[in-house]
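Now for the letters of each chain:
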Amino acid sequence: QVQVVESGGGLVQPGGSLRLSCVASGRLFGIYGMGWYRQAPGKQRELVAHITSGGNTNYADSVKGRFTISRGNAKNTVYLQMTSLKPEDTAIYYCQLDGPGPRDYWGQGTQVTVSS
């Protein structure tokens, strides 16, 4: 019914940059809030960045000033521009869509590895 697909992960050196993309499709009738989460080995999944349907954004303290979430030209398409990457940013990054209704929808994840 609703599909969420992420792309853009890869291996980068510390200090480098990477841009993740997320496209949501299916039974969607407007613009919905969307966010990026990440999960590192042995750790719980955490919120990285979120953007509401109205354009308000929220970031984890650990990524403020380095990551930017933005909407694409197409509805329910978002990007995560990551700069000044650190080894501790290494994780699987997941895209999430708020709704429709009470449910959240998740993508399959894309691996980001920051290493020299």
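## Let's talk about the packing of aromatic side chains
In step 1: Taken as a whole and assessed by the stated rule, the structure comprises 1 aromatic pair.
In step 2: Taking NZ or CZ as reference, Arg19 lies 3.9 Å from the ring centre of Tyr79, over its face.

## As for the nonpolar core
In step 1: One finds Trp36, Leu80, Met82 and Tyr93 to be the most contacted residues of the largest nonpolar core, which totals 31 residues.
In step 2: Of all the secondary-structure elements, those providing two or more residues to this core are β1 (2–7), β3 (18–26), β4 (34–39), β5 (46–51), β7 (67–71), β8 (77–82), β9 (91–98) and β11 (110–114).

## Overview of the pattern of salt bridges
Any two side chains of opposite charge can pair, on the condition that their charged atoms come close.
In step 1: In the structure shown here, the tally under the stated rule is 4 salt bridges.
In step 2: With a closest N to O distance of 2.8 Å, Arg38 and Glu46 form a salt bridge.
In step 3: By relative accessible area, which is 6% here, Arg38 ends up buried.
In step 4: Asp61 is the partner of Lys64 in a salt bridge, and the nearest nitrogen-oxygen pair spans 3.2 Å.
In step 5: Among the residues examined, Asp61 registers a relative accessible area of 65% and is labelled exposed.
In step 6: Put simply, Arg38, Glu46, Arg66 and Asp89 are held in one network by salt bridges that share partners.

Rules and cut-offs
Residues numbered from 1 in each chain as written. Predicted model: local features only at pLDDT ≥ 70, side-chain atom pairs only at ≥ 80, totals over all residues. Heavy atoms only, no water. Phe/Tyr/Trp six-rings, centres within 6.5 Å; stacked < 30°, edge-to-face > 60°. Lys NZ or Arg CZ within 6 Å of the ring centre and 35° of its normal. Core = buried A, V, L, I, M, F, W, Y, C linked by side-chain atoms within 4.5 Å. Buried < 20%, exposed > 50% of the residue type's maximum accessible area, 1.4 Å probe, protein only. Helix = DSSP H or I, 4+ residues; strand = E, 2+ residues; numbered from the N terminus. Salt bridge = Lys/Arg side-chain N within 4 Å of Asp/Glu carboxyl O.

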